[in-house]
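Commentary on secondary and tertiary structure
Letter by letter, the chains look like this.
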Amino acid sequence: MANDADTGGNSVKSYKLSPNEYFSLDVQSGGQHNQGRETDSGYNALLSYHLSEPKGNNLFRIGTSTGEIRTKRRMSDNDLKTHPLVVLVSDNGEPSLSATVSIDVVVVESTADIQTQFRHVPIKEESFSDLNLYLLIAIVSVSVIFLLSLISLIAVRCHRTDGSFSRYSAPMITTHPDGSWSYSKSTQQYDVCFSSDTLKSDVVVFPAPFPPVDAELISINGGDTFTRTQTLPSTDKPMGRMQQGNIFRMWIYLLFHVSHIWSLAAAQIVYSVTEESSPGTTVGNLAKDLHLDVQELETRGFQISGPNTRYFEANVKTGILLVKDRIDREELCSRNVKCSLEVEAIVNSPLNLYRFEVKILDINDNAPAFRIPAIVLNVSESAFPGERFTLAKAFDADVGSYSVKGYKLSQNEHFTLDVQNGGEATISAEMVLQKALDREKQTVIKLTLTAVDGGKPPKSGTLHITVNVQDVNDNIPIFDKPLYKATLLENTPHGATVISVHAQDLDEGPNGEILYSFINHDSDNDIDKFAINPVTGEITVNGELDHEKSNAVEIRVQAKDKGANARASHCKVLVEITDVNDNPPEISVTSLVNVVREDAPLDTMVGLITVRDNDSNKNGVVQVRIVDSVPFTIKNTYKNHYSLVVNGILDRERASQYNVTITATDEGVPPLSSTSVITVHVSDVNDNAPHFKEPVINIFVKENSPVGAVIYTMTADDPDVDENAKITFSVNNNHKNNLIGSVININSDTGDIVSLQSFNYEELKTFQFKVQATDSGVPPLSSNVTVNVLILDENDNNPTILAPYSEHGSVNSESIPYSAEAGYFVAKIRAVDADSGYNALLSYHLSEPKGNNLFRIGTSTGEIRTKRRMSDNDLKTHPLVVLVSDNGEPSLSATVSIDVVVVESTIDIQTQFRHVPIKEESFSDLNLYLLIAIVSVSVIFLLSLISLIAVRCHRTDGSFSRYSAPMITTHPDGSWSYSKSTQQYDVCFSSDTLKSDVVVFPAPFPPVDAELISINGGDTFTRTQTLPNKEKSAKGMGMGFHLRPHYAPQPVISWNSGCLTEAQLETLQSGESRQETIGKSENIEG
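Residues numbered from 1 in each chain as written. Predicted model: local features only at pLDDT ≥ 70, side-chain atom pairs only at ≥ 80, totals over all residues. Heavy atoms only, no water.

**Details of the overall build of the chain**
Keep this limit in mind: A run of H or I in DSSP becomes a helix once it reaches four residues, and a run of E becomes a strand once it reaches two; helices and strands are each numbered from the N terminus. Whether a residue is buried, partly exposed or exposed follows from its accessible area with a 1.4 Å probe, protein chains only, as a fraction of its type maximum: under 20%, in between, or over 50%, in that order. Contacts were defined at the residue level, with two residues in contact if any of their heavy atoms lie within 4.5 Å. Exposure was quantified through the Shrake-Rupley algorithm and a 1.4 Å probe, taking into account, for residues, occlusion by the shown protein chains and nothing else.
Per the secondary structure count, the chain includes eight helices and 66 strands. Here the chain holds 1086 residues, and the buried ones make up 39% of them. Look at the contacts in the chain between residues 6 or more apart in sequence, and 69% of them connect residues 24 or more apart. Here the chain has roughly 61,800 Å² of accessible surface; of this, 54% comes from carbon and sulfur atoms.

Right, here's the structure in full:
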């Protein structure tokens, strides 16, 4: 058989034998293109056709493999006019199943009488395809567009009909709190907005009849003023049509969205490129088809990834997919009809993966070739016509229409060629002996077998056949059956028996002894995996079987006798190799993001994983899972492609990296599995603020410490790393006059707190400030801690003697009577020490002249007393020195001198009171608060007085301004208003307003008899007359009004004039000849 690496339509379809007079070619097809249909597969679906004719009739024959019915000979007069034929179609299964069909062949005189009847052949309808879906979308879209068009047309018609009536809408009269009122009648809707000082508005609407008639409107307000409006006949102008433009825009909008819906029905991106295309050949515009911005391709790292990167590359400047290397379809896809490469494109920021297919189109770059250049056939001269001889198959690396399509045999009188089409299998050819051989005439026949492919122009290959005509060995070995079947597991051991074939030869002696062998003209490696016993015909396993490489092997076995002119026959052995779960899944990581931020959201893609299992069926179905409990999960993206995504909260402080163990297990028995470990590093995010160990820090500093000394070093912890953990310190200074900044300074990097001055415990005992620790992350995080600085006292102050003995340079003297008893109180020395604690604990010591022991002093109280009574030997004046010392280290002291004078009696004792200076305190905070309070009260009082005066003055002015001049104002749209009030109103119209007629009349204050006539451009005049009213003083200014329709008014067309004063208004009234009194209002509001 000829071998063709292509499949399907590109595989071998037929054989041709060179012309000869002895052999013909019988091509046997595998049955996939027969007229009969078999739902089984393999050899169970291999059909054969047999013809049954009436007895004695031998006019027709049928191709056993093609099912074609042809005539054997020409018609004769003895043949019947109608030939009932029965066709038997049987498969090759065990037991064989069959079906029959009856055909009546009618013989007619001429071809003009032949009428072909076309019968309806039921075709199995395919399932709901994409085309059905597109047709359904088209039908629904057209239906929706039609329905919307119909609704739009009806809406436009209804709107036009309503518009013709709405032209005659009701007029509207509006009053305002200042006494003015307005009348309006128009087909449009107006929005009236009043200023913030508007209090009330009354609106009364009167409907108008259709068609309009002359009408009159009577309005009487609270000032006994009535107005009559009479409308003269006028001609209305037809309204314009405004809907045509809207209908056109609506159609454009609908068509745009329908086209957008069609554009969404896009299939997967598939490109096509022919094999052997030169590098740089354009495959397609990848950026355009993937909707990517060409300007961002280079910055986002756009590149081609996956296993087929060697063949394609992307131009990051244009987004064009180009051929990178030579593409050989036969090398990539071997004999597969469909040859496509899955290509992946990756972009970053954010990471995304795009998959598309590139179909590799075959070209006719390979000619058919035979694996051997020539074969030799030994044919006995006694061979009968119809005997078949197998020929080698031609091999064409191309597929489809470029594969081997047929065979031709050189012209001869003995042999013909029978080409057998095997469908999905290759086309084989057999040489059939057509005419008996005669060795005495021709001993050797030279033939040429030509294999032709389907290219344009076609390519061909030849095989030289040498036929040696041998002498008679008139019986050939015959096998028990033409086809043997066997089934093996792919792990069957070497030497195991597959099947035994058996043939018989009716000859005797060497001509009847049979030797079995394989026919392997193609040097097929799969056949080399088996061996046959030449004597017994037992076939055994001779190599390693692999279901993944070949799931079935077809072996041709030859039985040949040992005669001088050996004759042989052959049979087919089909060995099916069943799959065994012998391939564990293979896990490969195609793309991996090494570092993931710890604040990555859920479903963030970390890596792309591909899992393959070369086994088939359930043995190749793989389940992928993550073994450990990690914040990641596996998601299936496409077939055997998976993505590793974030499935939980990441915290770098708890785990800086994860070893994700992925296990892939197939569903075979027993199941096989493989494991892969992926390391994912978690990058730090500044999510932790610096932390102090203590909420409050107490620092103890001795007074008089040197300036610039480090009194404390601040420390803080930050669980983040790198810049996020780099901490700087600063003083959070919220104190007045920047006190802390002048006392201490902190090193921002080391946290050392340095004193900027020497502390004095007597002036500052303690102070507090806050230190802020800030990291260097983005954004930075910080935390505060309270720092208390406690000054420790040093003995740096001498005791100070208090009054009355503290005056510098003064002579201190005390007098005691001569009769003083022992323990007499002489004086008390008082002293203080600015230090604290033991440094301020004072002791008193007395020093007397030598030999004098008259006085003693209390060491803790400082009281000087006599030890004994006076004697005549004692001096009259006793100079004493009192030493006051503190308890510090070293001890400091102060002295004071006192002269004690002894007098005769107590009368002579005079106590001297010395002036003791009192240090006046500085300006305190209390004084500041009192000053602020006095100023505030004064300012409030002054503002209240000014406000009261302003209010009184404003009321006085308002009483005069109330009687302001009236004003009549016209507007650009033709309306005009009359107003006499101190308030101002803002009238705003909506955007669709075309025309408005507004007339405003005020209620006069104080009311006087008056008359106002207003004539507009529409031949409509209005007269307003004020009647006497006796109840004005009781009703007040808050009167309302009531309007009562007499005749429905016509639309008012106003002046386009300026403002009228009262004088102009009176002139206008005096010129009017018509004076009519309509009536008074019966309903006046209080």
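**Looking at the state of the cysteines**
Using the following cut-off: By disulfide we mean two sulfur atoms from cysteines, separated by a distance within 2.5 Å.
Tallying each qualifying case throughout the model produces one disulfide. Two residues share a disulfide in this structure: C333 and C339, whose sulfurs sit 1.9 Å from each other. Torsion about the S-S bond of the C333 and C339 cystine: about 65°, corresponding to right-handed handedness.

**Some remarks on the sheet that holds strand β35 (residues 538-541)**
The following threshold applies: Note on pairing: two strands pair once DSSP finds at least 2 bridges between them. In this analysis, axes come from line fits to C-alpha atoms, helices being fitted only over the stretch in contact, and the angle between any two N-to-C directions falls in the range 0 to 180 degrees.
Reading across the sheet, the three strands line up as β31-β35-β34 and stay open at both edges, with antiparallel pairing between neighbours. Each of the sheet's edge strands pairs with one partner strand only, and the pair in question is β31 (497-500) and β34 (530-532). Strand after strand, the sheet turns through a mean of 20° between neighbouring axes, direction not considered. Relative to β35, β34 runs antiparallel, the two being bridged by three bridges. Looking at β35, one finds that A531 is bridged to T540.

**Considerations on the pattern of salt bridges**
Formally: Salt bridge criterion: a side-chain nitrogen from Lys or Arg within 4 Å of a carboxyl oxygen from Asp or Glu.
Evaluation of the coordinates by the stated rule reveals 23 salt bridges. We note a salt bridge from R326 to D328, for which the minimum N-O separation is 3.3 Å. Given a relative accessible area of 15%, D328 falls into the buried group. For R567, the salt bridge identified is with E387, shortest N-O distance 3.5 Å. Of this pair, R567 sits in the loop between β36 (552-561) and β37 (568-578) while E387 is found in the loop between β21 (374-380) and β22 (388-390), placing the two residues 180 residues apart along the sequence. A relative accessible area of 6% places R567 in the buried class. For E387, a relative accessible area of 17% puts it in the buried group. Through salt bridges that share partners, E276, R326 and D328 make up one connected network.

**Some details on the packing of aromatic side chains**
Heads up, the rule is: Ring geometry is summarised as follows: Phe, Tyr and Trp rings, the Trp one being its six-membered ring, pair when their centres sit within 6.5 Å, and such pairs are stacked at plane angles under 30 degrees, edge-to-face over 60 and tilted between the two. Counted as over-ring charges are cases with an Arg CZ or a Lys NZ within 6 Å of the ring centre that also lie within 35 degrees of the ring normal.
Here the structure, examined in full by the defined rule, presents eight aromatic pairs. With a centroid separation of 6.1 Å and 25° between ring planes, the pair formed by F767 and F769 is classed as stacked. Linked through ring pairs, F759, F767 and F769 together constitute an aromatic cluster. A cation over an aromatic ring shows up here: R371 above the ring of F395, its NZ or CZ 4.9 Å from the ring centre.

**Examining unusual backbone geometry**
In the segment running from K456 into P457, the intervening peptide bond is cis, with an omega of 0°. Along the chain, the position of P457 falls in the loop between β27 (444-453) and β28 (460-470). Within the chain, S349 stands out as a residue other than glycine whose phi angle is a positive 55°. Its place among the elements puts S349 in the loop between β18 (340-347) and β19 (352-361).

**Here we look at the side chain of T466**
Operational definition: Pairing of N or O atoms within 3.5 Å defines a polar contact, subject to two protein rules: one partner must be a possible hydrogen donor and the other a possible acceptor, and residues neighboring in sequence count only if both atoms are side-chain atoms.
Secondary-structure assignment places T466 in strand β28. Among the polar contacts listed, one links the side chain of T466 to the side chain of K446, at a separation of 3.3 Å. For T466, the contacting residues outside a window of four places in its chain are I375, V376, L377, V444, I445 and K446.

**Describing the sheet that holds strand β14 (residues 282-285)**
Taken in spatial order, the three strands make up an open sheet running β14-β17-β16, and their pairing is antiparallel. Two strands close off the open sheet at either side, each with one partner strand: β14 and β16 (312-314). Going across the sheet, the axis of each strand differs from the next one's by a mean of 25°, ignoring polarity. One ladder, built from three bridges, connects β14 with strand β17 (residues 320-323); its direction is antiparallel. Its bridge partner lying in β17, N285 is registered against I320.

**Quick look at the environment of R61**
Its place among the elements puts R61 in strand β4 (residues 60-62). When the C-alpha positions of R61 and H50 are compared, they lie 8.5 Å apart, and in sequence the two are eleven residues distant. Not counting residues up to four positions away in its chain, the partners in contact with R61 are L51, E68, I69, R70, T71 and K72.

**Notes on the pairing of strand β60 (residues 877-885)**
Here five bridges tie strand β57 (residues 843-847) to β60, and the two strands are oriented antiparallel to one another. From the neighbouring strand, H845 faces β60, where its bridge partner is L883. With nine bridges connecting them, β60 and strand β61 (residues 893-903) associate as antiparallel partners. Looking at β61, one finds that V882 is bridged to V896.

**Some words on a nonpolar patch on the surface**
Here is the rule: Each patch is built from residues lacking any salt bridge and having more than 30% relative accessible area; the joining distance is 9 Å for like charges and 5 Å for nonpolar side chains (Val, Leu, Ile, Met, Phe, Trp, Tyr).
Taken together, the side chains of L931, V935, V939, L942, L943 and I946 present a nonpolar region at the surface, about 550 Å² in accessible area. Along the chain, L931 turns up in helix α6 (residues 925-961). For L931, a relative accessible area of 48% puts it in the partly exposed group.

**Quick word on the environment of V596**
Within the element layout of this structure, V596 appears in strand β39 (residues 595-597). You can call V596 buried: its relative accessible area is 5%. With 85 residues separating them in the primary sequence, V596 and H681 have C-alpha atoms 6.2 Å apart. With residues up to four places along the chain from it excluded, the contact list for V596 reads V606, V646, L650, V680, H681, V682 and S683.

**Focus: the confidence of the model for the chain**
Filter applied, for reference: The pLDDT value tells you how sure the predictor is about a given residue, anywhere from 0 up to 100.
Per-residue confidence for the chain gives a mean pLDDT of 75, with 70% of residues at or over 70. The low-confidence segment residues 256-267 (pLDDT under 50) makes seven contacts with residues lying over four places distant or belonging to another chain. Across residues 980-1086 the pLDDT falls below 50, and counting only partners more than four positions away or on other chains, this stretch makes 285 contacts in the model.

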